[in-house]
Amino acid sequence: MGRASRAQAQENRKRIVETASQLFREQGTHVSVADLMKAAGLTHGGFYKQFASKEALIDEATTHAFGELAQRHMAALELHAGQLDAAQQALIDAYLSVEHRDSPADGCPVAALAGDMAREPSNHEAHRVYAKGVSDFADWLATEDQDGITRLCTMLGALLLARATKDSPCRRRSSPQPARPSPRPPDDGGLGRGRLAGREPYSRL
């Protein structure tokens, strides 16, 4: 294979992984290979030139999604000059924003992939990456006063219920009301129509 062909193959693989990472978060890992390749703008037959199986792609796409999450944590710290408490609160605000609620494809893999990972065998790489990602996120959220996993569970519960109760009056009550410095719920109980004023969108952190 020539240098140009190898470069194109690498670019195609990158495109497939990025597309899968978004589609799996938005629709679940049951998305078919045919639909995934169509979304990536590539032929169905090209998939098996890049991956031994769909499971191998799930592993790689999960790793990619959690890599994005780690980058958001670093970006939040940089944005707030290394002040962890300020970075944490900014990320929590963005996490519970209307934009993040309505954009799972670009959002947190802990929330978006929870159902799929519950069914994933524990010895699969995707499950290992997911479990480590949850642990790392909880560690990042921890403070002297609060356990990180407690904060993460509060955030996840609010986000998942807000997504699950779409177009239902229950959405108004789907977010808890914890006292600061716990996560704050979205403005108007998650019923807003646009980005919350003055908050950095989750996808940009």
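To start, this report covers the structure provided alongside it. (Residues numbered from 1 in each chain as written. Predicted model: local features only at pLDDT ≥ 70, side-chain atom pairs only at ≥ 80, totals over all residues. Heavy atoms only, no water.)

1. What to know about the environment of Ile149
In step 1: Inspection of the secondary structure puts Ile149 in helix α10 (residues 148-164).
In step 2: Of the residues examined, Ile149 reaches a relative accessible area of 36% and is grouped as partly exposed.
In step 3: Along the primary structure Ile149 and Asp139 are separated by 10 residues, whereas in three dimensions their C-alpha atoms are 7.5 Å apart. (Helix = DSSP H or I, 4+ residues; strand = E, 2+ residues; numbered from the N terminus. Buried < 20%, exposed > 50% of the residue type's maximum accessible area, 1.4 Å probe, protein only.)

2. Digging into the packing of helix α9 (residues 125-141) against α10
In step 1: Where α9 contacts α10, the two axes come as close as 7 Å, and the packing angle between them is 105°. Judged on the interaxial angle alone, α10 and α9 are roughly perpendicular. For the pair α9 and α10, contact is made by Val134, Phe137, Ala138 and Leu141 and by Gly148, Ile149, Arg151, Leu152 and Met155, respectively. (Axes fitted to C-alpha atoms, helices over the stretch in contact; angles between N-to-C directions. Parallel < 35°, antiparallel > 145°, perpendicular 65-115°, else oblique. Contact = heavy atoms within 4.5 Å.)

3. Examining the pattern of salt bridges
In step 1: One pass over the structure, following the stated rule, counts 6 salt bridges.
In step 2: Residue Glu68 is joined to Arg25 by a salt bridge in which the shortest nitrogen-to-oxygen separation is 3.0 Å. Placement of Glu68 in helix α4 (residues 54-79) and of Arg25 in helix α1 (residues 3-27) is noted, with a sequence separation of 43 residues between them.
In step 3: Across the pair Lys132 and Asp136 runs a salt bridge, and its minimum N-O distance is 2.8 Å. In this pair, Lys132 and Asp136 are both assigned in helix α9, 4 residues apart and thus about one turn of the helix distant.
In step 4: With relative accessibility at 38%, the residue Asp136 sits in the partly exposed group. (Salt bridge = Lys/Arg side-chain N within 4 Å of Asp/Glu carboxyl O.)

4. Here we look at the packing of aromatic side chains
In step 1: One pass over the structure, following the stated rule, counts 4 aromatic pairs.
In step 2: Relative to Tyr48, the ring of Phe47 has its centre 4.8 Å away and its plane inclined at 85°; by these criteria the two rings are edge-to-face.
In step 3: With a relative accessible area of 0%, Phe47 lands in the buried category.
In step 4: Three or more aromatic residues link up through ring pairs in this structure, and these residues are Phe47, Tyr48 and Phe51. (Phe/Tyr/Trp six-rings, centres within 6.5 Å; stacked < 30°, edge-to-face > 60°.)

5. Some words on the side chain of Gln88
In step 1: Checked against the element boundaries, Gln88 lands in helix α5 (residues 84-95).
In step 2: The class for Gln88 is buried, based on a relative accessible area of 3%.
In step 3: Apart from residues lying up to four places away in sequence, Gln88 is in contact with Trp140, Leu141, Ala142, Thr143 and Arg151.

6. Observations regarding α5
In step 1: The terminal C-alpha atoms of α5, which comprises 12 residues, lie 16 Å apart, in line with the 16 Å expected from a rise of 1.5 Å per residue.
In step 2: Where α5 is concerned, the buried positions are Ala87, Gln88, Gln89, Ala90, Leu91, Ile92, Asp93, Ala94 and Tyr95.
In step 3: Buried positions along α5 lie against α4, α6 (98-101), α7 (109-112), α9 and α10. (Expected span 1.5 Å × (residues − 1).)

7. A few points about the nonpolar core
In step 1: Membership of the largest hydrophobic core comes to 40 residues, with the highest contact counts inside it found for Phe24, Leu36, Leu57, Tyr95, Val110 and Phe137.
In step 2: Contributions of two or more residues to this core are made by α1, α2 (33-40), α4, α5, α7, α9 and α10.
In step 3: The element best represented in this core is α9, accounting for 8 residues.
In step 4: Other than its neighbours up to four places away in sequence, Leu57 contacts Ile16, Val17, Ala20, Phe24, Leu36, Phe47 and Phe51. (Core = buried A, V, L, I, M, F, W, Y, C linked by side-chain atoms within 4.5 Å.)

8. Notes on α9
In step 1: Its 17 residues give α9 an end-to-end C-alpha distance of 24 Å, which sits within 8% of 24 Å, the value for a rise of 1.5 Å per residue.
In step 2: Considered for burial, the residues of α9 that qualify are Ala126, Val129, Tyr130, Gly133, Val134, Phe137, Ala138, Trp140 and Leu141. Each buried residue of α9 lies within a common arc of 165° when the element is viewed along its axis, so the set occupies one face.
In step 3: Against α4, α5, α7, α8 (114-119) and α10 lie the buried residues of α9. (Arc of directions from axis to C-beta.)

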